[in-house]
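# Fold and geometry: a report
Next come the chains, spelled out residue by residue.
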Amino acid sequence: MIKIVDCGSQLTQNIARRVRELGVFAEIVPFHTSTREILKDGLEGVIISGGPFSVHDEGAPMYERQILTAGLPVLGICYGQQSLAHLLDGKVVSAENREYGETQIHIHKESRLFEGIPRAEFRVWMSHGDVVQGVPEGFRVIAKSKNNHIAAIQKDHIYAVQFHPEVDHTEYGRSMLDNFLKVCNARRDWEPEREYDRIVSETTEKIGAKAGVGGISGGVDSSTLSVLLRKIAGRRYHPIFVDNGLLRLNEVEQVKASLEPFDLGVTYIDAQARFLSKLRGVADPDEKRKIIGHEFIRVFEEQARDIPQTKYLAQGTLYPDVIESVPVYGASSKIKRHHNVGGLPEDMKLEVVEPFRRLFKDEVRAIAESKLGLPKEIVWRHPFPGPGLAVRIVGEVTEQKLSILRKADAIFIEELKKMGIYYKLSQAFAVLTNVSSVGVMGDEQTYQGVIALRAVTTSDFMTSDWYDFPKEQMTHIANRMINEVNGVNRVVYDVSQKPPSTIEWE
């Protein structure tokens with residue numbers, strides 16, 4: 001087992017996922033966990049996560065120094081390097097040249113951490129304002145950044161890096177983590193099937209003979225959840241599809257067709273008027289999410305009153321939803337209220353059941369395919385946020401804006417499928433910006449809306465890169481939108497990575 005000491009990084013769960021990918025079981029513990037508690041359970045190594053703090057901040061997350069002197073291999077990442085150096089009497093200062101995003105590092109000395117890496121200089125992803133200026137006694141500098149900052153240090157079996165090897169943007173990141181696991185002599189006996197068995201066991205115990213309700217959208221998370229709970233609870237589980245007026249073009253009909261073979265007994269609710277009424281005049285994205293989250297719960301509670309013994313609400317919440325929405329162990333910075341976990345009313349009457357809250361989307365997909373037999377059309381359908389098009393319309397949501405965005409988004413997805421690249425992408429969608437621009441149509445000046453297109457590739461949805469379309473493909477898509485969607489005279493393409501951007505715009 002490897003334990004990851006969480007100091008509040010948004011990427012802590014990503015470290016765990018990478019370690020599990022390499023066949024080693026990983027468990028996350030909060031930074032204030034005692035050394036005694038951390039060291040039990042057959043521990044083979046410790047990883048210290050990054051975090052949004054400076055070691056000099058009042059209340060900065062700080063684990064016990066004994067973790068570093070217990071004789072186990074340790075790897076500090078970003079804040080993990082700074083905190084490690086600080087606790088061992090090194091010197092950490094605020095950098096004049098901060099490093100955010102991609103940069104280059106150069107290996108200065110041989111180290112087991114860099115074994116098998118073919119180049120002395122390669123790309124890494126940084127996100128920090130502080131740097132280690134003086135290394136603790138006995139440590140040596142094994143890599144530096146192009147700004148001449150200390151990028152990696154080592155003493156015996158203790159390693160620390162200023163960059164993030166757990167993200168895809170870092171070249172050889174997996175190799176470095178694999179090398180650290182070799183230093184740990186970690187057992188490679190982790191199998192995803194065990195997680196499925198644990199989910200079934202824990203969920204069965206939690207819900208017992210109680211009846212429950214849950215949302216189903218036709219996407220992989222909610223569909224997998226519904227099929228799983230139907231296997232566990234039978235007809236005591238009641239999936240509900242809520243048409244909140246914020247869905248894509250013809251989505252209700254498409255979802256009905258895709259779910260029909262599973263005989264899930266889905267209840268379809270038309271709640272368009274009530275949702276749009278609640279959103280009238282609301283422009284703040286966080287408030288939109290909160291309103292939609294509250295209204296969803298109210299719909300589920302109303303339905304639950306007609307179902308005897310209904311006690312719980314099931315949600316397809318994933319790890320990224322949790323860590324982007326809720327401060328982790330009181331240390332991490334809240335990024336946004338995400339679709340499954342943000343905005344739940346405090347007076348909610350139903351217990352929340354979230355079987356997948358420790359999984360990444362690719363792990364849910366693996367369960368959907370290998371354990372539950374869901375088809376490709378559901379398993380690999382692009383994610384769609386719970387608040388729907390409300391968070392793809394910048395500003396107030398109106399029926400006119402929804403009509404424009406539905407048509408533009410439908411054209412985009414249709415063309416991606418025609419081009420044979422839909423399943424190569426992890427997520428793709430259109431956004432209606434809160435901007436109007438001058439254009440010329442038929443020799444007349446226009447002042448109409450701007451559509452932004454977003455298409456990304458990712459393995460985990462914690463980091464992502466934009467898809468590089470050939471010019472002719474993007475030109476064709478843009479021309480169709482401008483010609484076929486009334487109210488649009490300009491199309492732009494989003495070329496930002498995550499991080500620093502999120503995948504969704506709001």
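To start, this report covers the structure provided alongside it. For clarity, every value in this text was computed on a predicted model and none was experimentally measured.

Once that is clear, we can look at the pairing of strand E4 (residues 74–77). The alternating pattern of E4 places Val-74 and Gly-76 on one face and Leu-75 and Ile-77 on the opposite face, and all of these are buried. Of the pairings in the sheet, the one linking strand E3 (residues 45–48) to E4 comprises 3 bridges and is parallel in character. Bridge pairing links Ile-47 to Leu-75 in E4.

A word on the pattern of salt bridges. Taken as a whole and judged by the stated rule, the model has 34 salt bridges. Notably, a salt bridge pairs Arg-18 with Asp-168, separated by 3.0 Å at the nearest N-O pair. You can see Arg-18 sitting in helix H1 (residues 12–21) and its partner Asp-168 sitting in the loop between strand E9 (158–161) and helix H4 (173–184), a full 150 residues away along the chain. Judged by relative accessible area, Arg-18 falls into the buried class, the value being 1%.

This brings us to the layout of surface pockets. In this structure, the second largest pocket spans a volume of roughly 490 Å³. Considering the residues around the second largest pocket, the lining is formed by 19 residues, among which Gln-254, Arg-381, Ile-413, Lys-417 and Tyr-422 are closest to the centre. Secondary structure elements with two or more residues in the lining of the second largest pocket: helix H7 (251–259), helix H12 (376–379) and helix H13 (399–418). By residue number, the principal contributor to the lining of the second largest pocket is H13, which donates 5 residues.

Let us look at the side chain of Ser-54. As for its position among the elements, Ser-54 is in the loop between E3 and E4. On the basis of relative accessibility, which here comes to 13%, the residue Ser-54 falls in the buried class. Polar contacts involving the side chain of Ser-54 include one to the side chain of Asp-130, which spans 2.5 Å. Excluding anything up to four places from it in sequence, Ser-54 contacts Ala-60, Tyr-79 and Asp-130.

A few words now on the packing of helix H5 (residues 192–207) against helix H6 (residues 220–233). In contact at an axis separation of 10 Å, H5 and H6 are set at 60° when each is read in the N-to-C sense. As far as their axial angle goes, H6 and H5 are oblique. Classified by chirality, the crossing of H6 by H5 is right-handed. Residues Tyr-196, Ile-199, Val-200, Thr-203, Thr-204 and Ile-207 of H5 touch H6, and the partners they reach there are Leu-228, Leu-229, Lys-231, Ile-232 and Ala-233. Tallied by class, the residues present in the contact of H5 with H6 amount to 8 nonpolar, 2 polar and 1 charged.

Of note, Glu-121 is situated in strand E6 (residues 121–134). The partly exposed category is assigned to Glu-121, whose relative accessible area is 42%. For the pair Glu-121 and Lys-146, spaced 25 residues apart in the sequence, the C-alpha separation amounts to 9.5 Å. Not counting residues up to four positions away in its chain, the partners in contact with Glu-121 are Gln-104, Ile-105 and His-106.

Okay, the side chain of Arg-17 next. Residue position: Arg-17 is located in helix H1. According to the relative accessible area criterion, Arg-17 is buried, its value standing at 3%. A distance of 2.6 Å separates a polar atom in the side chain of Arg-17 from a polar atom in the side chain of Glu-21. Apart from residues no more than four positions distant in its own chain, Arg-17 is found in contact with Arg-174, Phe-360, Asp-362, Ser-459 and Asp-460.

In this section: unusual backbone geometry. Backbone geometry at Tyr-172 places phi at a positive 65°, although glycine is not the residue there. Positionally, Tyr-172 belongs in the loop between E9 and H4. Residue Gln-309 is not a glycine yet carries a positive backbone phi of 65°. You can see Gln-309 is positioned in the loop between helix H9 (285–304) and strand E13 (310–314).

Turning next to the sheet that holds strand E11 (residues 237–243). Taken together, 5 strands build an open sheet; the order of strands is E12-E11-E10-E13-E14 and the sheet is parallel. Edge positions in the open sheet fall to strand E12 (267–270) and strand E14 (351–353), since each of these has one partner strand only. Neighbouring strand axes in the sheet, compared pairwise and without regard to direction, differ in orientation by 30° on average. One ladder, built from 3 bridges, connects E13 with E14; its direction is parallel. When the bridges of E14 are listed, Ala-314 appears paired with Val-353. Sitting on the sheet, H5 touches E13 and E14, and the angle it makes with E14 is about 165°. Against the sheet, H6 engages strand E10 (211–215), E11 and E13, with an angle of about 155° to E11.

What counts, and at which threshold
- Residues numbered from 1 in each chain as written.
- Predicted model: local features only at pLDDT ≥ 70, side-chain atom pairs only at ≥ 80, totals over all residues.
- Heavy atoms only, no water.
- Buried < 20%, exposed > 50% of the residue type's maximum accessible area, 1.4 Å probe, protein only.
- Helix = DSSP H or I, 4+ residues; strand = E, 2+ residues; numbered from the N terminus.
- Pairing = 2+ DSSP bridges.
- Salt bridge = Lys/Arg side-chain N within 4 Å of Asp/Glu carboxyl O.
- 1 Å grid on protein atoms, 1.4 Å probe; cavity = no way out; pocket = protein on both sides within 12 Å on 5 of 7 lines; lining within 4 Å.
- Points joined across faces, edges and corners; volume = space filled by probe spheres on them.
- Polar contact = N/O pair within 3.5 Å; in protein donor to acceptor, adjacent residues only side chain to side chain.
- Contact = heavy atoms within 4.5 Å.
- Axes fitted to C-alpha atoms, helices over the stretch in contact; angles between N-to-C directions.
- Parallel < 35°, antiparallel > 145°, perpendicular 65-115°, else oblique.
- Left-handed = near helix turned anticlockwise from the far one by under 90°.
- Nonpolar A, V, L, I, M, F, W, Y, C, P; charged D, E, K, R; others polar.

No statement about biological role is implied by the geometric values presented.
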